[in-house]
Amino acid sequence: VLFNKDNALDIVWVKYKGVNVSFLSKNGLNDGTRDFVGNFEGGFLYTCGMDNVSSCVDGKPVHGSLHYKKCDFAYAYEQDGVIYVCGEVKETALFGKNLVMKRCFAVSENAILINDTLENQGYSKADYVLLYHVNYGYPFLDECLEMEIPAIASDPLTEVAATNKADMFRITAPIDGGEEHVYYHTLSEGKVRLVNPERQMAIEMLYNVQDFPFTLEWKSMISGDYALGIEPSLSRFDNFKMQALKSGESKN
């Protein structure tokens, strides 16, 4: 597991027994100075927020400013066979908000636990939004991959996605050209399972659907940009709503 303290302590890539699991785009690591399609790295975890997800808020970076904030007070330690990687990421403004995300990742033999606590250290109410953009790539991602998503409702984001809705849980081999497909899912429980029987590997994502009521599926079967994103989110893009923390309030 590789963390990047220059990018919110997000996870750049994950390998398991030598097999790559994550998607890192051809942009590689960068400082966020280009437009979104030139910036977007993917990585195993790209945390979106706290001021925007997608392009919902005019004047804010696509998927927000958080990922390109440097992590302060980064440290790591080992205890009982578990490695802990921790730090703080701030979203602040003069005469504006003072939000601090305290991050602690626990990495064990077969699991990564993401524990984020968001604190409003300002003196007035502060709005925020979060989306965890978790990205899978080759060779874990291939046409053998099976998706088990307990969706009780699914909506396509675009007309292209709507046309292909019957195959929304199907992974194909890469194709040259084409478009990404994005779907909103409402889940009966926060449990997404990805299984690649040929690789003899499976990954489960577990989270609270009360905290993250929407799960987006980003499927790019495009050669050179071959990726699958599973994205627990506080908000849809087409009915965008931010959350709020009172002064001194925190949310885990």
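Residues numbered from 1 in each chain as written. Predicted model: local features only at pLDDT ≥ 70, side-chain atom pairs only at ≥ 80, totals over all residues. Heavy atoms only, no water.

### Notes on the sheet that holds strand S19 (residues 250-251)
The criterion, for reference: Note on pairing: DSSP must find at least two bridges between two strands before they are called paired. Numbering of helices and strands runs from the N terminus; a helix is a DSSP stretch of H or I covering at least four residues, while a strand is a stretch of E covering at least two.
In space, the 5 strands of this open sheet follow the order S6-S7-S8-S9-S19, with antiparallel pairing throughout. Either end of the sheet is taken by a strand with one partner, and the two such strands are strand S6 (72-79) and S19.

### A short note on the sheet that holds strand S15 (residues 201-206)
This is how it is decided: Axis lines are fitted to C-alpha atoms, over the contacting stretch for helices. Their N-to-C directions set the angle, which ranges from 0 to 180 degrees.
Spatially, the 3 strands line up as an open sheet ordered S11-S14-S15, and their pairing is antiparallel. The open sheet terminates on both sides in strands that have one partner only, identified here as strand S11 (146-148) and S15. Put simply, the sheet's adjacent strands are angled 15 degrees from each other on average, direction ignored.

### A word on unusual backbone geometry
Here is the rule we go by: When a residue's accessible area, from a 1.4 Å probe over protein chains only, is under 20% of the maximum for its type it is buried; when over 50% it is exposed; and in between it is partly exposed.
The amide bond that connects Gly49 to the next residue, Met50, takes the cis arrangement and shows omega of -15 degrees. Relative to the elements of secondary structure, Met50 occurs in strand S5 (residues 45-50). At the junction of Tyr138 and Pro139, the peptide bond is cis and its omega measures out at 5 degrees in the coordinates. Looking at where Pro139 falls in the secondary structure, it is placed in the loop between strand S10 (126-136) and S11. Non-glycine residue Ser54 carries a positive phi angle of around 55 degrees. Among the structural elements, Ser54 can be located in the loop between S5 and S6. The class for Ser54 is buried, based on a relative accessible area of 17%. Here the phi dihedral of Asp80 falls at roughly 55 degrees; this positive angle occurs in a residue that is not glycine.

### Topic: the pattern of salt bridges
To keep things clear, this is the line we draw: Think of a salt bridge as a Lys or Arg side-chain nitrogen and an Asp or Glu carboxyl oxygen that are within 4 Å of each other.
Using the criterion set out here, one finds 12 salt bridges in the structure. The salt bridge partner of Lys191 is Glu204, with a shortest N-O separation of 3.8 Å. Pair noted here: Lys191 is in strand S14 (residues 191-196) and Glu204 is in strand S15, with a separation of 13 residues, a long-range link. Asp238 is the partner of Arg236 in a salt bridge, and the nearest nitrogen-oxygen pair spans 2.9 Å. The network of salt bridges with shared partners includes Glu148, Lys191, Arg193 and Glu204.

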